[in-house]
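These are the residues of each chain, in order.
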Amino acid sequence: AAKAAAPPPAPEPLPPVLPAMLRSADLRELCTTPLRTLRLLAHHGMLQPLGRRCPKGCAPRKHMRLPASAHYSDGYYLQCSRCTHKENPRHGSLFADFRTPLLPLLQVLLLFDFQTTVTTAAAQTGVSEKVVTRLYKLIRQRMQAWLAEHPIVYGPEEFVEIDELYLKPEKE
């Protein structure tokens, strides 16, 4: 007797835009100050750790400090206690190229997760449509890169529906 072919493994789910805890919580309660917002994002892996070591390697056992400064959009920066190297806490994150405060950007991410349009997201958060568009595009690019690295394999009998809303011709 022939054995039935094993079903193909379930496709790996797409990573959510926000950690589950942040999607279910009221961001205004969690992010009452810029410092709490920075710590929350670092805790959930959306920013690099705030107590990281200097990238120049000058003080391998010492961690960078987090002094306050009005010159940075979140009110803080990281500084090495040995060589005084300064770095924005957003460095290396999704938010690195944005000057908008983190709380409204988090709200935009939450609205993206709910498939809200750019216009509606801008109106609800007070963030300009240009910034919302840039953030949405960046998220889509990162999701596309993730999908390229983790392709979803479907069985020969499975039906796949594609939402053409997100399909655009490539610019030449």
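Residues numbered from 1 in each chain as written. Predicted model: local features only at pLDDT ≥ 70, side-chain atom pairs only at ≥ 80, totals over all residues. Heavy atoms only, no water.

## Side note on the overall build of the chain
Reasoning step 1: Secondary structure assignment for the chain yields six helices and two strands.
Reasoning step 2: Mapped from its N terminus to its C terminus, the chain presents α and β elements in the order α-α-α-β-β-α-α-α.
Reasoning step 3: Evaluated residue by residue, the chain yields a buried proportion of 34% over its 172 residues.
Reasoning step 4: For the chain, long-range pairs separated by at least 24 residues make up 49% of all intrachain contacts whose partners lie at least 6 apart in sequence.
Reasoning step 5: Put simply, the chain shows about 12,000 Å² of open surface, and 55% of that area lies on carbon and sulfur atoms. (Helix = DSSP H or I, 4+ residues; strand = E, 2+ residues; numbered from the N terminus. Buried < 20%, exposed > 50% of the residue type's maximum accessible area, 1.4 Å probe, protein only. Contact = heavy atoms within 4.5 Å. Areas by Shrake-Rupley, 256 points an atom, 1.4 Å probe, with all protein chains shown as cover.)

## Topic: unusual backbone geometry
Reasoning step 1: If you check the backbone angles, Thr-84 has positive phi at about 65 degrees while not being a glycine.
Reasoning step 2: With respect to the element layout, Thr-84 can be found in the loop between strand S1 (78–79) and strand S2 (86–87).
Reasoning step 3: Taking the relative accessible area as the measure of exposure, Thr-84 reaches 48% and is therefore partly exposed.
Reasoning step 4: Its identity is not glycine, yet Gln-115 carries a phi of approximately 60 degrees, on the positive side.
Reasoning step 5: When you line up the elements, Gln-115 lands in the loop between helix H4 (102–113) and helix H5 (118–125).

## A short note on the packing of aromatic side chains
Reasoning step 1: Counted according to the given criterion, the structure contains two aromatic pairs.
Reasoning step 2: With a centroid separation of 5.2 Å and an interplanar angle of 20 degrees, the aromatic rings of Tyr-72 and Tyr-77 are classed as stacked.
Reasoning step 3: When its relative accessible area of 11% is taken as the criterion, Tyr-77 is described as buried.
Reasoning step 4: Residues Phe-112 and Tyr-136 carry aromatic rings whose centres are separated by 4.9 Å and whose planes lie at 75 degrees to one another, so their mutual orientation is edge-to-face. Of this pair, Phe-112 sits in helix H4 while Tyr-136 sits in helix H6 (residues 129–149), and the two are 24 residues apart along the sequence. (Phe/Tyr/Trp six-rings, centres within 6.5 Å; stacked < 30°, edge-to-face > 60°.)

## A short note on the state of the cysteines
Reasoning step 1: Here the structure, examined in full by the defined rule, presents zero disulfides.
Reasoning step 2: Here Cys-54 stays unpaired: no disulfide links it, and the sulfur of Cys-83, its closest cysteine neighbor, is 3.8 Å away.
Reasoning step 3: In this structure Cys-54 comes out as buried when scored by relative accessible area, which is 7%. (Disulfide = S-S within 2.5 Å.)

## Brief notes about the nonpolar core
Reasoning step 1: Of all hydrophobic cores here, the largest spans 29 residues; its most connected members are Phe-95, Leu-109 and Leu-135.
Reasoning step 2: Among the elements of the structure, helix H3 (34–43), H4, H5 and H6 are those that each provide at least two residues to this core.
Reasoning step 3: Among the elements that take part in this core, H4 stands out by supplying eight residues, more than any other. (Core = buried A, V, L, I, M, F, W, Y, C linked by side-chain atoms within 4.5 Å.)

## Some remarks on the environment of Ala-96
Reasoning step 1: As for its placement among the helices and strands, Ala-96 is situated in the loop between S2 and H4.
Reasoning step 2: Its relative accessible area of 37% is what places Ala-96 among the partly exposed residues.
Reasoning step 3: Setting aside residues up to four positions removed in sequence, Ala-96 forms contacts with Arg-90 and His-91.

## Quick look at the packing of H4 against H6
Reasoning step 1: Two elements in contact, H4 and H6, have axes separated by 11 Å at closest approach and are oriented at 60 degrees. Taken together, the axis directions place H4 and H6 in an arrangement best described as oblique. Between H4 and H6 lies a crossing whose hand is right-handed. On H6, the residues touching Leu-105, Val-108, Leu-109, Leu-111 and Phe-112 of H4 are Val-131, Val-132, Leu-135, Tyr-136, Ile-139 and Arg-140.
Reasoning step 2: Of the residues that constitute the contact of H4 with H6, the class distribution is 10 nonpolar, no polar and one charged. (Axes fitted to C-alpha atoms, helices over the stretch in contact; angles between N-to-C directions. Parallel < 35°, antiparallel > 145°, perpendicular 65-115°, else oblique. Left-handed = near helix turned anticlockwise from the far one by under 90°. Nonpolar A, V, L, I, M, F, W, Y, C, P; charged D, E, K, R; others polar.)

## Quick look at the side chain of Thr-125
Reasoning step 1: Topologically, Thr-125 is positioned in helix H5.
Reasoning step 2: Residue class for Thr-125 comes out buried when judged on its relative accessible area of 15%.
Reasoning step 3: Among the polar contacts made by the side chain of Thr-125, one reaches the main-chain carbonyl oxygen of Ala-121 at a distance of 2.7 Å.
Reasoning step 4: What Thr-125 contacts, discounting residues up to four positions off in sequence, is Pro-104, Gln-107, Val-108 and Leu-111. (Polar contact = N/O pair within 3.5 Å; in protein donor to acceptor, adjacent residues only side chain to side chain.)

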